[in-house]
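Letter by letter, the chains look like this.
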Amino acid sequence: MTTETTATTDEVDTTSETMLRVEGMRIATRRRSIGPFDLRVSAGELVGLVGPNGSGKTTLLRLALGLDPATTGSSRVHGRPVDPWHPPHRVGAVFEADGWLPWLSGRDNLTIFAEVHGVDGVTVDAQLDDVGLTPAADQAVRQYSRGMRQRLAIARAQLHSPPLLILDEPTVALDPAATGWLVEVLADHVESGGAAVIASHDDAFLGALDARRVAVEHGRCG
Amino acid sequence: MKPRSLVHAALARPMTRALLLVMAALGCWYAWSPGTSFGLGGVLGGWRHASVHLLDAGLVPVALASALMGSTFRERRVDEAVRMAGVARSTLVSSVVTAGAVLGLIVLAAFGAGCAIGGMVRAMANGGSWWADAGAVGPPVRALVVDLRLALAIALAGGLAALVGWLAGRDDIAAVIVVGFTAPYLEQGAALVVRVPAVVGVLSRSPVGALRAVTLANGGLAAPGFERPASVGLSALVLAVWILLGVMVALPRARSGTVATRSRSTPRRTSIATMGGASVAVVSLVVIVLVASTMTFGALASPAIARGLPWRWQRSWRDAHRAGWASDQVVDRALDDLRAGGDVDAALVNRSQAISPEVADAVRRASRVERQPVSSMRAPDLVEVRLDFDEPITSGVTAFTVYGLRVALVTGPDGHWRVDGVEGPVAVQGHVRGGGS
């Protein structure tokens, strides 16, 4: 069932199953202010952030993961506070930005992150196989199409089997088959107790996931 | 994140490989240049002769390679991907700086390989000499101390450049910054900038100027007047301040308005806590060890170690210069005495016949007298002097306008240099009357 809901600040984080908790996060510059955002994501939940371009979806995700410093508010991932100095743990993320060294192969790029996570080469190969990039694993990433890079990013996000996935426009440049595969992956992920937050304009994709939708408009969840 | 991963990734980059090749070619070129003194088959001699250029021409590729490594991880947003993997920013910066230092040493190794090849080729071209020149190579331990000093300086330069690249956040900006910082320290660059006193003052206190000054124990610039031995204490302090500034900018304390400090549930943290104590401690330790080691070899070298250093770094030379009795200063005073029309002060000569009447006469008659700068002296015991004559001196059909003198000096038990003899005057430049030069 798909439902339109609004995250509120009144919810109390009493359960240990809360994977992401964003409270009153706001980023203010001289020109504009975005937020405050409030969001709670529990285990087994799929949350879809919807809203027009520039509404603040990506900003919310970046603040939640501590990639950007917030002016006010706080974020907790698995109950631990997160900010630019305290990165989140056990999170897999896909952002529109690249995050690859283009002269390295897909396998070598993933291997860098595998070392960070303490994951072996077998897992890297398995992830490459999962996203259908085994034939191109030794090609330089600069030769990848945008869709292939997106699949590689999904492989990176799943490398260490994190319970929480944060995906920003994950279906961009994916073909229908790959989008279908991603729906299956996310459904399995939730079934096994994980959670995911997905910012997307792809209504059909969110519908197929039966995600709880949170509207983000004018720089706030509402 | 392990520095090893960063170094491997950087070494796979075509730009880094190109810089390694450039560095090897530079080493080859300098070792192959005229005037090379050779050691074992030219290999060690080439390195001894050329290694000092690591701190002028060599600095550019070292800084570029390390800075591009630091900048590209932010430009490509790899740093964000790594942080989302749970790596703290302080840990990442620490890894980048360490990897920059290691990459600097790898670039140094490429330069060394080039020196070895160039020195070997020149030794063979000069008649297949395979001798061991003790004078050029020196005792192994002392030579190693010099190499260690250079390696520390290059590692420090690499680490600093990686930090600059990280702060720049873009390859193009990082490249412009590090080339802008290192190019004035090329011998050719220094010859230009030394004409602008205001720029010279800034350059000698810039990070690269301070690094050069600490390592070479001189004024920091590869220009006349700046290559004379100088105390390194102030430069070491300036360098340490630059390093601390870089670390502070790369790892700023959380602003008062950020999530961590404003959260009701999170107590206010001190700056060191927000930076991640262990990682900052490691970064600080590495920086302190690098600076302290360089300072130790530069400022506090024991006499035994000092004798193994190049002559311009040696304490005896610095002491003589401070006392006003270094060879260049003694030659200046002797020339002044002659130009004043009198005899040379007896205290300046080692023996009574050290300066012949012909030499004295030539010096007095010359329109201009120019002593070679210390930077171009190959050894402290030989100083060349150029005599310019506005009125050419004719010999047959040839008119000479420039003559040269070679002043040989020796040191006494008091460490003072004195003139022991003068070769010349030898005609250097002239022309056939009514014809070309």
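Residues numbered from 1 in each chain as written. Chains lettered and ligands numbered in written order. Predicted model: local features only at pLDDT ≥ 70, side-chain atom pairs only at ≥ 80, totals over all residues. Heavy atoms only, no water.

Asker: In this structure, what is going on with the overall build of chain B? I would like to understand it.
Answerer: For chain B, the count of helices and strands is 20 helices and four strands. Across the 437 residues of chain B, 51% fall into the buried class. A sequence separation of at least 24 residues applies to 67% of the contacts in chain B between residues at least 6 apart. Accessible area of chain B: about 19,300 Å², with a carbon and sulfur share of 63%. (Helix = DSSP H or I, 4+ residues; strand = E, 2+ residues; numbered from the N terminus. Buried < 20%, exposed > 50% of the residue type's maximum accessible area, 1.4 Å probe, protein only. Contact = heavy atoms within 4.5 Å. Areas by Shrake-Rupley, 256 points an atom, 1.4 Å probe, with all protein chains shown as cover.)

Asker: Explain the overall build of chain A here, please?
Answerer: Broken down by element type, chain A carries six helices and eleven strands. Per-residue burial for chain A yields a buried fraction of 55% across its 222 residues. A separation of at least 24 residues holds for 68% of the contacts in chain A among residues at least 6 apart in sequence. About 9,200 Å² of surface is accessible on chain A, with carbon and sulfur atoms providing 48% of the total.

Asker: Explain the environment of Glu169(A) to me, please; I cannot follow it from the model alone.
Answerer: Residue and element names in this part refer to chain A. Mapped onto the secondary structure, Glu-169 falls in the loop between β8 (164–168) and α5 (176–191). The residues touching Glu-169, leaving out its near neighbours within four places in the chain, are Lys-57, Glu-96, Gln-150, Ala-199, Ser-200 and His-201. There is a polar contact of 2.8 Å between the side chain of Glu-169 and the side chain of His-201. (Polar contact = N/O pair within 3.5 Å; in protein donor to acceptor, adjacent residues only side chain to side chain.)

Asker: Help me understand helix α4 (residues 59–75) of chain B in this model?
Answerer: Each α-helix winds once per 3.6 residues, and so residues spaced three or four apart point in a common direction. All names here are of chain B. In this model, α4 (17 residues) spans 23 Å end to end at C-alpha, consistent with the 24 Å of a helix rising 1.5 Å per residue. Of all 17 residues in α4, 15 are buried; the element is thus mostly enclosed. Positive phi shows up at Arg-77, right after α4, with a value of about 65 degrees. (Expected span 1.5 Å × (residues − 1).)

Asker: Even after reading the chapter, I still don't get the environment of Val199(B), so can you show me in this structure?
Answerer: Residues and elements named next belong to chain B. Within the element layout of this structure, Val-199 appears in helix α11 (residues 197–203). On the basis of relative accessibility, which here comes to 33%, the residue Val-199 falls in the partly exposed class. Residues Val-199 and Pro-184, 15 residues apart in the sequence, show an inter-C-alpha distance of 9.9 Å.

Asker: Sorry, what's going on with unusual backbone geometry here?
Answerer: It is generally the case that most residues other than glycine have a negative phi and that most peptide bonds are trans. Residue and element names in this part refer to chain B. The linkage connecting Gly-424 with the following residue, Pro-425, adopts the cis geometry, with an omega of 0 degrees. For Pro-425, the location among the structural elements is in strand β4 (residues 417–432). Of note in the backbone geometry, Arg-77 takes a positive phi value of approximately 65 degrees without being a glycine. As for its placement among the helices and strands, Arg-77 is situated in the loop between α4 and α5 (78–84). Under the relative-accessibility criterion, Arg-77 is labelled partly exposed at 36%.

Asker: Help me understand the sheet that holds strand β5 (residues 72–77) of chain A in this model?
Answerer: Consider a sheet: its strands pair through backbone hydrogen bonds, and that pairing is either parallel or antiparallel. Residues and elements named next belong to chain A. Ordered by their spatial adjacency, four strands build an open sheet running β3-β2-β5-β6, and the pairing between neighbours is antiparallel. What marks the edges here is a single partner per strand, and that holds for β3 (33–42) and β6 (80–82). Across the sheet, the mean angle from the axis of one strand to that of its neighbour is 25 degrees, orientation sign disregarded. Packing against the sheet, helix α1 (residues 57–64) makes contact with β2 (18–28), β3, β5 and β6, and its axis sits at approximately 115 degrees to β2. (Pairing = 2+ DSSP bridges. Axes fitted to C-alpha atoms, helices over the stretch in contact; angles between N-to-C directions.)

Asker: What's the story with the nonpolar core in this structure? I'm lost.
Answerer: A general tendency of soluble globular proteins is for nonpolar side chains to be buried together. Residues Leu186(A), Ile198(A), Met69(B) and Phe111(B) are the most contacted members of the largest nonpolar core, which totals 112 residues. Among all residues touching Met69(B), those that are not within four sequence positions of it are Leu6(B), Ala10(B), Val96(B), Ala99(B), Gly100(B), Leu103(B) and Ala162(B). Counting 33 residues, the second largest nonpolar core, distinct from the first, contains Ala326(B), Ala334(B), Tyr403(B) and Trp417(B). (Core = buried A, V, L, I, M, F, W, Y, C linked by side-chain atoms within 4.5 Å.)

Asker: Sorry if this is basic, but what is going on with the pattern of salt bridges here?
Answerer: Going through the model one piece at a time under the given rule, you end up with 20 salt bridges over all chains. The residue Glu80(B) makes a salt bridge to Arg62(A) at a minimum N-O spacing of 2.4 Å. With Glu80(B) in helix α5 and Arg62(A) in helix α1, this pair bridges two chains. In this structure, Glu80(B) and Arg62(A) share a single accessibility class: buried. A salt bridge links Arg170(B) to Asp172(B); its shortest N-O distance comes to 2.6 Å. Take Arg170(B): its relative accessible area is 41%, and that puts it in the partly exposed class. (Salt bridge = Lys/Arg side-chain N within 4 Å of Asp/Glu carboxyl O.)

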